[in-house]
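Given next are the chains, with one letter for each unit.
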Amino acid sequence: MEKLIRDFTEFYGVAPTVIARAPGRLEILGNHTDYNQGYVLSCAVAQNTRFALRPVDGKHCRIKDFRDGSVREFDLDNIATAVPKDWSNYVKGVIVELAKRSIKVGAFDAGMESSVPLSAGMSSSAALETSAGFAFREAFGIELSKADWARVGQGVENNYMGLKSGLLDQFSSIFGKKDSMILTDFRSVEVLRTVALPAGYSIVVINSMVKHNLVDSEYNVRREDCESAAHKLAQIYPDVKTLRDVTPEQLENARPALGEREYRRACHVVGECDRVLRAVRALENNDVAAFGALWFESHESSRVNFENSTPELDYLVELAHSVPGCLGARLSGGGFGGITIHLVESAGAAEYAERVQAAFKQRIGVAPEYIICSIGDGAESKKLQEK
Ligand code: GLA
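Residues numbered from 1 in each chain as written. Predicted model: local features only at pLDDT ≥ 70, side-chain atom pairs only at ≥ 80, totals over all residues. Heavy atoms only, no water.

All right, on to the site of the ligand then. Taken together, 14 residues are adjacent to the ligand, and Glu27, His32, Asp34, Asp169 and Tyr219 come closest. Within the side chain of Asp34, an N or O atom sits 2.6 Å from an oxygen atom of the ligand. In the environment of the ligand, an oxygen atom lies 3.2 Å from a nitrogen or oxygen atom belonging to the backbone of Gly334. Calculation on the ligand without its partners gives an accessible area of 310 Å², and the protein chains cover 98% of this total. For the shell around the ligand, the per-class residue count stands at three nonpolar, seven polar and four charged. Taken domain by domain, the makeup of the shell around the ligand includes at least three residues from each of domain 1 (2-196) and domain 2 (201-373). (Near = heavy atom within 4 Å. Polar contact = N/O pair within 3.5 Å; in protein donor to acceptor, adjacent residues only side chain to side chain. Areas by Shrake-Rupley, 256 points an atom, 1.4 Å probe, with all protein chains shown as cover. Nonpolar A, V, L, I, M, F, W, Y, C, P; charged D, E, K, R; others polar. Domains from an automatic or database assignment.)

Next up on the list: the domain arrangement of the protein. Put simply, an interface is often sized by how much accessible area is lost when its parts join up. When its domains are assigned, the protein resolves into domain 1 (2-196) and domain 2 (201-373). Taking only C-alpha atoms, the centre of domain 1 and the centre of domain 2 are 25 Å apart. Summed over both sides, the interface of domain 1 with domain 2 buries roughly 3,500 Å², with 62% coming from carbon and sulfur. At the surface where domain 1 touches domain 2, the tally comes to four salt bridges. (Buried area = accessible area lost by both parts, 1.4 Å probe. Salt bridge = Lys/Arg side-chain N within 4 Å of Asp/Glu carboxyl O.)

Attention shifts here to the packing of helix H4 (residues 146-161) against helix H5 (residues 168-175). As a packed pair, H4 and H5 sit with axes 8 Å apart at the nearest point and diverge in direction by 145 degrees. Note that H4 runs across H5; the crossing there is right-handed. Taking contact as the criterion, the partners of Lys146, Ala147, Trp149, Ala150, Gly153, Gln154 and Glu157 in H4 are, on H5, Gln170, Phe171, Ile174 and Phe175. (Axes fitted to C-alpha atoms, helices over the stretch in contact; angles between N-to-C directions. Helix = DSSP H or I, 4+ residues; strand = E, 2+ residues; numbered from the N terminus. Left-handed = near helix turned anticlockwise from the far one by under 90°. Contact = heavy atoms within 4.5 Å.)

So, about the packing of aromatic side chains. Taken as a whole and assessed by the stated rule, the structure comprises 13 aromatic pairs. Judged by centre distance (5.3 Å) and plane angle (45 degrees), the ring pair of Phe108 and Phe136 falls under tilted. Here Phe108 is found in strand E5 (residues 108-114), whereas its partner Phe136 is found in helix H3 (residues 124-140), with 28 residues between them in sequence. Since its relative accessible area comes to 0%, Phe108 is described here as buried. On the basis of relative accessibility, which here comes to 0%, the residue Phe136 falls in the buried class. On the numbers, 5.5 Å between centres and 80 degrees between planes, the contact of Phe291 with Trp295 is edge-to-face. Highlighted residues: Phe291 and Trp295, both in helix H9 (residues 288-306), separated by four residues, approximately one helical turn. Both residues of the pair, Phe291 and Trp295, belong to the buried class. Three or more aromatic residues joined by ring pairs make a cluster, and in this case those are Phe51, Phe74, Phe108, Phe136 and Phe140. The ring centre of Phe134 lies 3.9 Å from the NZ or CZ of Arg137, which sits over that ring. In this arrangement the basic side chain of Lys146 is found over the ring face of Phe175, its NZ or CZ atom lying 5.3 Å from the centre. (Phe/Tyr/Trp six-rings, centres within 6.5 Å; stacked < 30°, edge-to-face > 60°. Buried < 20%, exposed > 50% of the residue type's maximum accessible area, 1.4 Å probe, protein only. Lys NZ or Arg CZ within 6 Å of the ring centre and 35° of its normal.)

Below, the structure written as structure tokens:
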């Protein structure tokens, strides 16, 4: 945090009064289950977005981006709609969402920096929404529960950006626990338990280098498919409210009532919920091989049933089967590009990543970036001492 405070002070000539930090996240298992009120195993990463702020008089706000030196400026009276392709939407959207809850954010000067890779599937946008929101919380005395802060960020995506995403990204950024995965139930919207990553294993994130922009992707179409499948299944099984309530057996029995595409989308979500719970049991039994096998199963289901993979993501997972040292790999997050995650033995993690990188470069022509991931703590904020 120190560097951002120094940079802010140098740029504005006066120190920030509050600072906040929010991490990116990895979806470990439970793909597209959050908006179906299902289960997800996820974690926060050590890569963070930091947001420092100082309230000012008037209506004019400035945000200095210390990644590239640019500045965004806007008036609080003029933020009702998003400006195309501008990251400050994720800050303005928070102010708009808070206003809907009758919470007022005053004008400010702010500084932002981030180590969360952009448009990769590690939730850089949720990290920005959450860090800005938490800075507003400190600066303007806003009282909301942690789950409600996640809903504010989701509201930015749903209403301001037009992406009908679930709560996973913001929730993981806020509730993440260092060195642990969190098992979340997105019906009750609570962390059911934390689960440690088995000792001696690491998660390697390998970027397919295909930028995924969910706003322009088929993400919303997938959500509609899931909802129409759930609607048809509810006519057969009255207790079904979302796909989370459907067992694999029920889905098979009801197959003739669904369109082929709806059936496959439902298969993915029902299978993913089941895989999350099986993963937790495998980890309880210290069965790392079974845990990893579920990652491969998940990816295969994305590829075939949910059709949210790409040839580049598929190739990275194919390499995970042949390069030694990997127990499982899958796409992580919305899909349609972005990252894969690989469960590998820690001792050989760097060598594994180098080998995958070289093979991918040879076939696809571009060297994929990789990160040997550390699992970090969820978001935090604090007031700074006036000097
Ligand atoms: C994106 C969305 C999340 C979730 C995942 C897929 O990250 O923002 O809400 O749906 O995709 O699991």
